[in-house]
Amino acid sequence: MKILPSNITVSPKEDFFRIDTENTSYVIGIEDGLYLGHFYYGPSISDDSLSYRRKFSPWMTPTKNKRELAIFMDGFSFEYPGWGRGDTREGALKAVFKDGTERVDLIYQGYEITSGKAPVPGLPSTFDTEGEVETLRIDLKDPDTGLAVALYYSAFAECDVIARRVEVVNGGSSDVVLQRVLSASMDMPGRDRQGRAFELMTFHGTWAREFTREIRPIGFGRTGVTSINGKTGNRTQSFLGIVSPGITQEDGEVYGLQFLYSGNYSSMVEKVPSEDLRVSVGIHPEEFNWVLAPGETFYAPEVVLTYSASGLGKMSRNFHDLFRKHLIRGAYRDKKRPILINNWEATYFDFDTEKLLAIAKQAKECGVEMLVVDDGWFGKRNDDNTSLGDWTVNEEKLPGGLSGLSEKLKEMGMKLGVWFEPEMVSPDSDLYRAHPDWAISIPGRDITLSRNQLVLDVSRKDVRDYLISAISAILNSADISYVKWDMNRHMADLYSADLPAERQGELLHRYVLGLYDLQERLLTSFPHILLENCSSGGARFDPGMLYYSPQIWTSDDTDAYERIRIQEGAATLYPLSSLGAHVSICPNHVTGRTVPIRTRGHVALAGTFGYELDITQLSKEDHEEMKKQTALFHKYNDLVRNGDYYRIASFRDNGFFDCYGVVSKDKSEMLMTFIHVMNRPCNQDRFICLKGLDEKKRYRVTWAEDPEDQPEVVVEAYGSTLMNAGIIFPCLSGDFRSVLYYISEI
Ligand code: DGJ
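Below, the structure is looked at part by part. Quick caveat: nothing in here was measured; it's all calculated off a predicted structure.

Here we take up the nonpolar core. Of all hydrophobic cores here, the largest spans 192 residues; its most connected members are L178 and W377. No other element matches the nine residues that helix α8 (residues 507-525) contributes to this core. Once residues within four sequence positions are removed from consideration, L178 is found in contact with L93, K94, A95, L147, V168, F288, N289, W290, L292 and F298. Counting 24 residues, the second-largest nonpolar core is a separate cluster that includes C659, V663, A717 and I743.

Listed below in structure tokens is the structure:
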């Protein structure tokens with residue numbers, strides 16, 4: 001056995017490759033010297049060859065049995081299936097060649113193992129931080145056309161994650177039209193190790209209702225989640241979870257796949273008569289046609305996979321660790337973010353310098369560190385009908401511009417943040433009047449408006465150059481520490497004035513590449529800026545955007561009651577450090593519900609933390625509560641940002657209470673939030689078992705909000721006791737009450 005200095009093992013005959021992480025193994029094998037097959041993904045195994053697990057007897061394999069080749073093709077567990085050679089399941093790669101044929105027959109060519117992990121040109125990708133990652137590259141080729149595919153696998157051992165991606169090279173002599181290039185495909189058994197049929201876990205939603213979890217049986221045929229609106233969207237996440245029935249936080253098997261991409265996607269599962277599953281993730285083939293000239297390469301976005309034999313909690317922690325350490329970049333990756341107050345829900349478009357400074361002054365007294373001026377500071381924008389694209393300050397609202405405002409804020413000891421919606425243009429704007437062809441629309445046909453705005457064609461370099469210069473001028477004009485990058489509509493009227501007819505099918509992917517280029521250029525020029533992505537709330541909350549911004553606005557629904565469920569869903573996939581979360585006013589503007597300010601604070605503390613309300617209208621008591629909240633943020637945010645997330649109980653399941661905690665990596669401390677969501681008659685104190693502690697360590701449980709010098713001790717006990725016998729939560733009266741506990745090693 002050839003053991004390489006990595007997590008990648010090659011069998012002596014060089015026909016099997018095993019990729020190991022701390023708790024998992026992934027095995028790829030070559031069948032009959034021709035086809036690359038998926039042999040295994042699950043708990044760690046030790047053998048380096050799984051030849052006994054070949055599904056077809058040797059006489060049924062392609063070189064021995066020409067008669068039934070199509071049967072072989074339709075049943076073999078492909079690692080990356082081609083098109084048109086008898087495999088009727090979902091294909092991964094489809095191309096149209098010069099003669100109109102579409103067959104892609106991918107034959108194994110060779111492999112290479114390299115240390116490290118190279119970035120993917122123009123796309124977000126996970127990266128190695130401590131030289132621990134090695135990459136396996138496997139080459140496949142269609143011998144008849146020269147179309148070549150390179151599959152890349154990199155193992156992030158400590159997170160139990162494997163990153164996969166694909167490159168397609170046109171090795172022929174004429175143009176090829178790629179009609180689908182999926183990023184990952186995996187043929188796997190349809191039942192878990194206990195023989196139970198796997199189920200499908202996905203997230204769905206809409207505006208202000210993002211991240212709703214759904215688990216459903218996988219029926220025969222194809223099912224999954226997709227987006228064809230040009231961005232990730234809020235209707236579904238591209239995430240796929242293949243889970244044991246009855247999956248819980250600790251029990252059951254889960255395969256989780258996430259797509260590092262911010263445009264159209266197709267994440268599908270296909271169940272075939274044998275009950276096996278084909279899982280495929282990639283750019284949605286609809287609205288995708290890519291002309292690849294001879295010698296050119298197409299780079300498909302990355303997919304990250306994890307497997308957990310011990311429930312959803314481990315899957316979440318694997319993704320959290322991967323994203324925090326190997327995806328999120330920039331100055332704020334490991335830093336506490338400033339506590340901000342955003343004026344959107346406080347003023348909407350109706351503000352001026354005086355109003356903003358009054359908010360900032362009061363906020364500063366409560367411990368807030370930054371004022372974010374949301375939509376409405378530019379052009380003639382007093383409502384949402386005008387001025388997108390005209391990124392010049394409205395001096396009627398803000399005399400002296402943003403620099404005047406930032407200077408006054410600085411005197412108060414406050415930072416300034418600014419909202420942009422760079423990808424959009426209002427028909428009523430100087431930009432649109434000067435460059436109508438910069439908007440995505442079909443010449444000579446009616447335009448399709450949404451929020452009275454059009455999408456700028458950021459696939460065009462001239463459009464991107466304009467945007468960079470306009471945004472840079474603003475960022476250079478004042479001391480600006482933060483940018484909120486919003487995007488408030490989806491695509492229609494697909495047409496780019498910059499592309500020839502045969503390349504119009506490239507527009508949506510080129511748009512996403514353009515978006516990434518814009519944010520990369522912005523971050524390179526202004527590395528000190530904290531970027532928060534947003535799209536009508538969480539409509540572009542995806543791992544691709546996390547490569548550019550360490551935090552993303554989770555939802556326009558800021559009602560803490562709703563946020564309990566939304567943030568639970570989001571935290572299943574993304575680290576708490578990335579979840580934009582604010583305390584807003586009650587009755588809540590979206591739901592009309594009233595939740596005590598203390599609970600609103602506790603819920604927002606499980607995210608980036610900030611405010612979004614007219615603080616000048618709050619009572620003295622509320623201001624006092626805010627002071628406590630900002631102090632809590634400073635006390636516990638290092639733990640919340642860096643710790644391991646444990647979901648203890650879910651209001652979604654029990655309709656009564658919610659509980660989660662964050663445990664430090666060394667298991668020496670924990671912050672736990674208990675929310676008594678809906679009261680019941682005859683309610684009683686209840687036991688809750690803690691999670692994630694060290695059984696052998698002894699801990700002190702205190703109320704997290706007590707003064708540090710005299711914390712009131714709830715109990716002192718071993719981790720094993722706290723996790724098995726539990727602690728008593730007091731019977732709270734009323735709805736939406738919450739308590740924070742701090743647990744520390746003694
Ligand atoms: C949608 C965002 O989600 C909100 O937070 C706010 O910024 C508005 N857009 C402004 O138009």
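What follows covers the site of the ligand. Around the ligand, 13 residues are found, and the nearest of them are D374, D375, K484, D486 and D556. Within the side chain of D375, an N or O atom sits 2.7 Å from an oxygen atom of the ligand. Within the contact set of the ligand, an oxygen atom lies 3.1 Å away from a side-chain nitrogen or oxygen of W419. In isolation the ligand has 290 Å² of accessible area, and contact with the protein removes 97% of it. The residue makeup of the shell around the ligand, split by class, is four nonpolar, three polar and six charged.

The way to describe two aromatic rings as a pair is by their centre distance and the angle between their planes. Evaluated as defined, the whole model comprises 47 aromatic pairs. Ring centres of F72 and F76 lie 5.0 Å apart, and the angle between their planes is 20 degrees; this geometry places the pair in the stacked category. A network of ring pairs unites the aromatic residues F203, F211, F239, F319, F323, F541 and Y574 as a single cluster. Above the ring of F351, the side-chain terminus of K397 is found at 4.6 Å from the ring centroid. Sitting over the face of the ring of W553, R563 holds its NZ or CZ atom 4.8 Å from the ring centroid.

By secondary structure assignment, the location of P62 is in the loop between β5 (35-43) and α1 (69-75). For P62, a relative accessible area of 4% corresponds to the buried category. In sequence terms P62 and A197 are 135 residues apart; their C-alpha atoms lie 30 Å from each other. Leaving out residues up to four positions away in the same chain, P62 has contacts with D32, L34, Y35, L69 and F72.

With respect to topology, nine strands assemble into an open sheet ordered β29-β28-β27-β26-β23-β22-β21-β31-β30, the strand pairing being parallel. Either end of the sheet is taken by a strand with one partner, and the two such strands are β29 (579-580) and β30 (583-584). Strand direction decides the pairing type here: strand β28 (residues 551-553) and β29, joined by two bridges, are parallel. What sits directly across from W553, in β29, is G580.

What follows is about the sheet that holds strand β9 (residues 147-156). In spatial order, the strands read β7-β8-β9-β10-β20-β16-β15-β12-β13; together these nine strands make up an open sheet with antiparallel pairing. Each edge of the open sheet is held by one strand with a lone partner, namely β7 (107-115) and β13 (212-217). The average undirected angle you get between the axes of adjacent strands in this sheet is 20 degrees. Relative to strand β20 (residues 297-308), strand β10 (residues 161-170) is paired through eight bridges, and the arrangement is antiparallel. Bridging across to β20, I162 finds its partner in L305. The sheet contacts of helix α10 (residues 560-573) involve β12 (199-204), β13 and β16 (254-259), and relative to β12 the element is tilted by about 125 degrees.

Rules and cut-offs
- Residues numbered from 1 in each chain as written.
- Predicted model: local features only at pLDDT ≥ 70, side-chain atom pairs only at ≥ 80, totals over all residues.
- Heavy atoms only, no water.
- Core = buried A, V, L, I, M, F, W, Y, C linked by side-chain atoms within 4.5 Å.
- Buried < 20%, exposed > 50% of the residue type's maximum accessible area, 1.4 Å probe, protein only.
- Helix = DSSP H or I, 4+ residues; strand = E, 2+ residues; numbered from the N terminus.
- Contact = heavy atoms within 4.5 Å.
- Near = heavy atom within 4 Å.
- Polar contact = N/O pair within 3.5 Å; in protein donor to acceptor, adjacent residues only side chain to side chain.
- Areas by Shrake-Rupley, 256 points an atom, 1.4 Å probe, with all protein chains shown as cover.
- Nonpolar A, V, L, I, M, F, W, Y, C, P; charged D, E, K, R; others polar.
- Phe/Tyr/Trp six-rings, centres within 6.5 Å; stacked < 30°, edge-to-face > 60°.
- Lys NZ or Arg CZ within 6 Å of the ring centre and 35° of its normal.
- Pairing = 2+ DSSP bridges.
- Axes fitted to C-alpha atoms, helices over the stretch in contact; angles between N-to-C directions.

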